[in-house]
Number of protein chains: 2
Amino acid sequence: MAKEVTSKEENYSLWYNNLVVKADLAENSAVRGCMVIKPYGYAIWEKMQRQLDSMFKETGHQNAYFPLFIPKSFLSKEAEHVEGFAKECAVVTHHRLMVDPNGKGVVVDPDAKLEEELIVRPTSETIIWNTYKNWITSYRDLPILCNQWANVVRWEMRTRLFLRTAEFLWQEGHTAHATMEEAQKETETMVQVYAKFAREYMAVPVVVGHKTESERFAGAVDTMCIEAMMQDGKALQAGTSHFLGQNFAKAFDVKYTTKEGKPEYVWATSWGVSTRLMGALIMAHGDNNGLVLPPRLAPIHVVMVPVFKKPEEEEAVLAKMREFKELMERAGLTVKIDDRDNLRSGFKYAEWELKGVPVRIAMGPRDLENRTAEVVRRDTLEKEFVNWDSLVEHVAALMEQIQQNIYKKALDFRNANTYKVDSWDEFKQKIEEGGFLLCHWDGTKETEAKIQEETKATIRCIPIDSFVCEEEGKCVYSGKPSKRRVIFAKSY
Amino acid sequence: MAKEVTSKEENYSLWYNNLVVKADLAENSAVRGCMVIKPYGYAIWEKMQRQLDSMFKETGHQNAYFPLFIPKSFLSKEAEHVEGFAKECAVVTHHRLMVDPNGKGVVVDPDAKLEEELIVRPTSETIIWNTYKNWITSYRDLPILCNQWANVVRWEMRTRLFLRTAEFLWQEGHTAHATMEEAQKETETMVQVYAKFAREYMAVPVVVGHKTESERFAGAVDTMCIEAMMQDGKALQAGTSHFLGQNFAKAFDVKYTTKEGKPEYVWATSWGVSTRLMGALIMAHGDNNGLVLPPRLAPIHVVMVPVFKKPEEEEAVLAKMREFKELMERAGLTVKIDDRDNLRSGFKYAEWELKGVPVRIAMGPRDLENRTAEVVRRDTLEKEFVNWDSLVEHVAALMEQIQQNIYKKALDFRNANTYKVDSWDEFKQKIEEGGFLLCHWDGTKETEAKIQEETKATIRCIPIDSFVCEEEGKCVYSGKPSKRRVIFAKSY
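Residues numbered from 1 in each chain as written. Chains lettered and ligands numbered in written order. Predicted model: local features only at pLDDT ≥ 70, side-chain atom pairs only at ≥ 80, totals over all residues. Heavy atoms only, no water.

1. Let's talk about the relation of the copies chain A and chain B
Between the two copies of the chain lies a relationship made up of a rotation around an axis and a movement along it. You can overlay chain A on chain B at an RMSD of 0.0 Å; the transform is a turn of 180° with a shift of 0.0 Å along its axis. Here the transformation between the copies is reduced to the relation of a two-fold axis. Considering only C-alpha atoms, the residue of chain A closest to the rotation axis is V92 of chain A, which sits at 2.1 Å. (Least-squares fit on C-alpha atoms with pLDDT ≥ 70 in both.)

2. Description of the pattern of salt bridges
Applying the stated criterion across every chain, the model contains 72 salt bridges over all chains. Between R378 of chain A and D287 of chain A there is a salt bridge, and its shortest N-O distance comes to 2.7 Å. Of this pair, R378 of chain A sits in the loop between β20 (372-377) and β21 (383-387) while D287 of chain A sits in the loop between α8 (276-285) and β17 (302-306); the two residues are 91 residues apart in sequence, bridging distant segments of the chain. The exposure class assigned to R378 of chain A is buried, which follows from its relative accessible area of 3%. Taking relative accessible area as the criterion, D287 of chain A reaches 16% and is therefore assigned buried. Its salt-bridge partner being K420 of chain B, residue E471 of chain B comes within 3.6 Å of it at the nearest N-O pair. Note that E471 of chain B is positioned in strand β25 (residues 470-474) and K420 of chain B in strand β22 (residues 418-420), a separation of 51 residues in sequence. Overlapping salt bridges bring together D24, E27, K38 and K355 of chain A as one network. (Salt bridge = Lys/Arg side-chain N within 4 Å of Asp/Glu carboxyl O. Helix = DSSP H or I, 4+ residues; strand = E, 2+ residues; numbered from the N terminus. Buried < 20%, exposed > 50% of the residue type's maximum accessible area, 1.4 Å probe, protein only.)

3. Topic: the packing of helix α2 (residues 39-58) of chain A against α8 of chain A
Helix-helix packing is characterised by the crossing angle of the two axes and by the distance between the axes. All names here are of chain A. It is the contact of α2 with α8, at a shortest axis distance of 10 Å, that shows an interaxial angle of 110°. Judged by the angle between their axes, α2 and α8 are roughly perpendicular. Where α2 abuts α8, its residues G41, I44, W45, M48 and L52 lie against L277, M278 and L281. Its residues placed into classes, the contact of α2 with α8 shows seven nonpolar, one polar and no charged. (Axes fitted to C-alpha atoms, helices over the stretch in contact; angles between N-to-C directions. Parallel < 35°, antiparallel > 145°, perpendicular 65-115°, else oblique. Contact = heavy atoms within 4.5 Å. Nonpolar A, V, L, I, M, F, W, Y, C, P; charged D, E, K, R; others polar.)

4. Examining the interface of chain A and chain B
Listed by partner, the interface residues are 64 residues for chain A and 64 residues for chain B. Carbon and sulfur atoms supply 65% of the area that chain A and chain B bury against each other, a total of about 5200 Å² over both sides. Applying the counting criterion to the chain A and chain B interface returns five salt bridges. E46 of chain A is paired through a salt bridge with K57 of chain B; the nearest N and O atoms lie 2.9 Å apart. Applying the counting rule to chain A against chain B returns 30 residue pairs in polar contact (both at pLDDT 80 or more). Considering every element that reaches the side of chain A that touches chain B, the biggest residue donor is α2 of chain A, with six residues. Taken together, the residues of the side of chain A that touches chain B sort by class into 38 nonpolar, 11 polar and 15 charged. (Buried area = accessible area lost by both parts, 1.4 Å probe. Polar contact = N/O pair within 3.5 Å; in protein donor to acceptor, adjacent residues only side chain to side chain.)

5. A closer look at helix α9 (residues 311-330) of chain A
All names here are of chain A. Relative to the 28 Å expected for 20 residues at 1.5 Å per residue, α9 spans 29 Å between its end C-alpha atoms, a close match to the ideal helical length. E313, V317, L318, K320, M321, F324 and M328 are the residues of α9 that are buried. The first or second residue beyond α9 is G332, which carries a positive phi of 90°. (Expected span 1.5 Å × (residues − 1).)

6. So, empty space enclosed by the protein
By the definition in use, this model includes four cavities of 30 Å³ or more. The volume enclosed by the largest cavity comes to roughly 600 Å³. What lines the largest cavity is a set of 28 residues, and nearest its centre among them are Y42, Q49 and W149 of chain A together with Q49 and W149 of chain B. Within the residue set of the lining of the largest cavity, elements represented by two or more residues are α2, β9 (144-153) and β10 (167-177) of chain A together with α2 (39-58), β9 (144-153) and β10 (167-177) of chain B. Looking at the lining of the largest cavity residue by residue, the class counts come to 14 nonpolar, six polar and eight charged. (1 Å grid on protein atoms, 1.4 Å probe; cavity = no way out; pocket = protein on both sides within 12 Å on 5 of 7 lines; lining within 4 Å. Points joined across faces, edges and corners; volume = space filled by probe spheres on them.)

7. What about helix α14 (residues 445-455) of chain A?
Residue and element names in this part refer to chain A. Within α14, the full set of buried residues consists of T447, E448, I451 and T455. Each buried residue of α14 lies within a common arc of 100° when the element is viewed along its axis, so the set occupies one face. Exposed positions of α14 whose direction lies more than 90 degrees from the buried face are E446 and E453. Buried-residue contacts for α14 involve α13 (424-433), β24 (458-463) and β26 (481-489). Where α14 terminates, the next one or two residues include K456, which has phi positive at roughly 70°. (Arc of directions from axis to C-beta.)

8. Description of the sheet that holds β20 of chain A
All names here are of chain A. One open sheet holds the five strands; their spatial order is β18-β17-β19-β20-β21, and the pairing between them is mixed. Edge strands, defined here as strands with exactly one partner in the open sheet, are β18 (335-337) and β21. The mean angle between the axes of side-by-side strands here comes to 25°, regardless of whether they run parallel or antiparallel. Strand direction decides the pairing type here: β17 and β18, joined by three bridges, are parallel. Within the sheet, the bridge partner assigned to M304 lies in β18 and is I337. (Pairing = 2+ DSSP bridges.)

9. Remarks on the nonpolar core
Most often, soluble globular proteins have nonpolar side chains that are buried together. Judged by nonpolar contacts, the single largest core of 98 residues is most densely connected at F69 and W129 of chain A together with F69 and W129 of chain B. Setting aside residues no more than four positions away along its own chain, W129 of chain A makes contact with T175, A176, F248, A249, F252, V254, V266, W267 and A268 of chain A. (Core = buried A, V, L, I, M, F, W, Y, C linked by side-chain atoms within 4.5 Å.)

10. Here we look at the packing of aromatic side chains
Here a ring pair, both rings aromatic, is described through the centre-centre distance and the interplanar angle of the planes. Residues and elements named next belong to chain A. Summed over all chains, the structure comprises 40 aromatic pairs over all chains. Centre to centre, the rings of Y132 and W135 are 5.4 Å apart; their planes meet at 40°, and the pair counts as tilted. With Y132 and W135 both in helix α5 (residues 125-135), this residue pair falls three residues apart, about one helical turn. Here the two residues Y132 and W135 agree in accessibility, since each one is buried. Residues F243 and W267 carry aromatic rings whose centres are separated by 6.1 Å and whose planes lie at 10° to one another, so their mutual orientation is stacked. With F243 in strand β13 (residues 235-245) and W267 in strand β16 (residues 267-274), the pair connects residues that are 24 residues apart, well separated along the chain. Assigned by exposure class, F243 and W267 land together as buried. (Phe/Tyr/Trp six-rings, centres within 6.5 Å; stacked < 30°, edge-to-face > 60°.)

Note that all results are geometric; they support no functional claim without further evidence.
Put into structure tokens, the structure is as follows:
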């Protein structure tokens, strides 16, 4: 089974597509650009959701739900916003089908045309700020700290499972504040929540920074982001947090009365992560045998495969496995015994490796005699025989080790592929090899656009941490003075 | 605040609408028929979701996610299905907006017309069975036991918050089986899961039964349901579970190879509950002071309101409250201290009653002296002074008592409003008073339709339990022989 996955080195892009499908994470549906998230993929997404949701609640947020549809006129109220999304909107124009009078099945009923077209939400700032208008009167109504878990639609032309799909699942936080400072603080708090989640749960090191003006969210004053490096050296934007200033409050006329009785426009943020995180998870850790899942997000921690020749051996092995399953579950692990009787154990090993289960345990008649089990960790594929007395403890400890190890591996990879580059010739050469280039930039849109035109590289972010970037220098392209380095890379 | 809620007796329908809005559960949005679920309402829905989700998983189901859009041609593949849903479909016809050449903002780009229209899912049988076709080859691939949590759209003409909205949130289970018996068993298992949830978590007694042919889901061979009685005596269908036979397998050509190597169509079920459950919860237990929430679904179990006259008293009271909050949280309760300084305690009491919080605790300087607290339970509004030594224990025990008491109250109400009716004159009179009428019916569509025409009552279900209905008799309308009673009622 694992053999069917193209190797990363041969074709990274094909390797990724293969992996998503073969590991049963997702597949393309009959609807252009829309995916089906299969149970195993969805189980990982659920683990992500649960963790993020509890982090949002710990930081004072509540969930709510806003309509799927946005009246066309709402989208138009914020000029930059509509410009950013108009070209990729699914538009609902009718509300009824009818039997075709010409006998060709069902057709759209022309009498059921909507007075105003509805847009399937590409993001919900407009409908939410139209709602907040009625929720906010005084400073006592602020802050509002809402999040919603929802599906959104952006009619992308080129789609890829998890990374870019016409419909995707996400969460979008939308907060309303009395002051600019509070909204800016919220923007940073939430990007840091995302960074913590990426690092500690996904085991993916990320750089936190600000987007340049040209890469900002349509309608934002400032966009912060987390950027991760994939194993082909390309960057992947894994989450964004926007300081929206008073743009949407002005577009929807949302004012509050201050303590002093003065009317004032409300300050806003929005922030989101999506099923794109699944793509990041796969690409950051996967290898040529399949997925490598961080234990904290793995739906199954341990798979147990019985090995036997005679049927009478099977029951003794399975009985022992069930004992250990119960013990391990008590220790907080999720355990699966693969007792399918129509498959060889070698096939099972390959399948669970493909699915990235952190630890595999095999046990046979000889293990029953020796009171041992064969333990294989997915990240290194190292095999060892462990005595029953310490098996549960050993496996539990492995989870933490694997979590740390794959983070370190990804971090080492990123560090090894991050370069300070100071000349344009070196830039052009290095960017083809992949990786993050830390370069000086003159701060102009024009230079940014020219660099992108010539190399396809964009400024991923102006980092605020992780990298020492505060130093004077000269723009790698124009030679004009610069006060700090930014990160250039090709990206997903 | 509670004063603003119209009384149930005066106008039940208005009482309900008032309550939903005043208790901050939901409100109408700017999009016709679509609601905004506010944080407090969503928190209740989340509790429902968590519990149902764990019950689905305990019965072997996994979550997955299927596309929001359904190609028009898919909907047409099952004849009854399309007939049932065609009249209330939101139809996507275009995928882009553009700047109006006549300067009127943004308009639909006529060049971006879709080749085939997409329907926003009203339910997902068709897209899912089109997907299952590729998942199923052999008997070894069965059963498939999937559920999805999703939004769906049905363009209803008359909408009401939670009860009937154009967009609503729900879960839909879709299972595939090798045999008819297994699919039928699944249909019943899931309707019993819903019944258990309604009774034990929502504290709402429900009758489990089969729908008549005319009330069946479009495309089903059999529909099972749970029916609850609201306080106005009307029935509310709270969940359905459908045995779909091989209808969708045939429409989408989904066959499997049996153990014996024979091709065979797959058997199907689908089952769902929606945010309509919120409506049931509100209408089953609410009173003229507001919501009455069952403790197992209440986002806040205990609200503590400090009572004081002098500012120096406030801090002492709050300090003691924080101590008790921590103790109660350790006992598994969710506790809120309402320390808002701009509101009178009487106003706070009314607000938390409106929101249905099961227990309210007030404490003032005298309580500090006496080592007591005033405890008021929401269901009976009974007040008692409880000594600190037993406060936590007392409040924890109250939760179980309230849960049981409101179930019993609802059950007593239902029993008091359920009648065996054997004459048509009595039927016509009783049905106007509300309640469940247990009547003999001759089993024909014609009689069912005539009864509905004359009285607006429908057959809510042919019960399988809860009621002794297996007895011979004569149809209440036609006088023809009947083997069992069914439940007639007016309904939501």
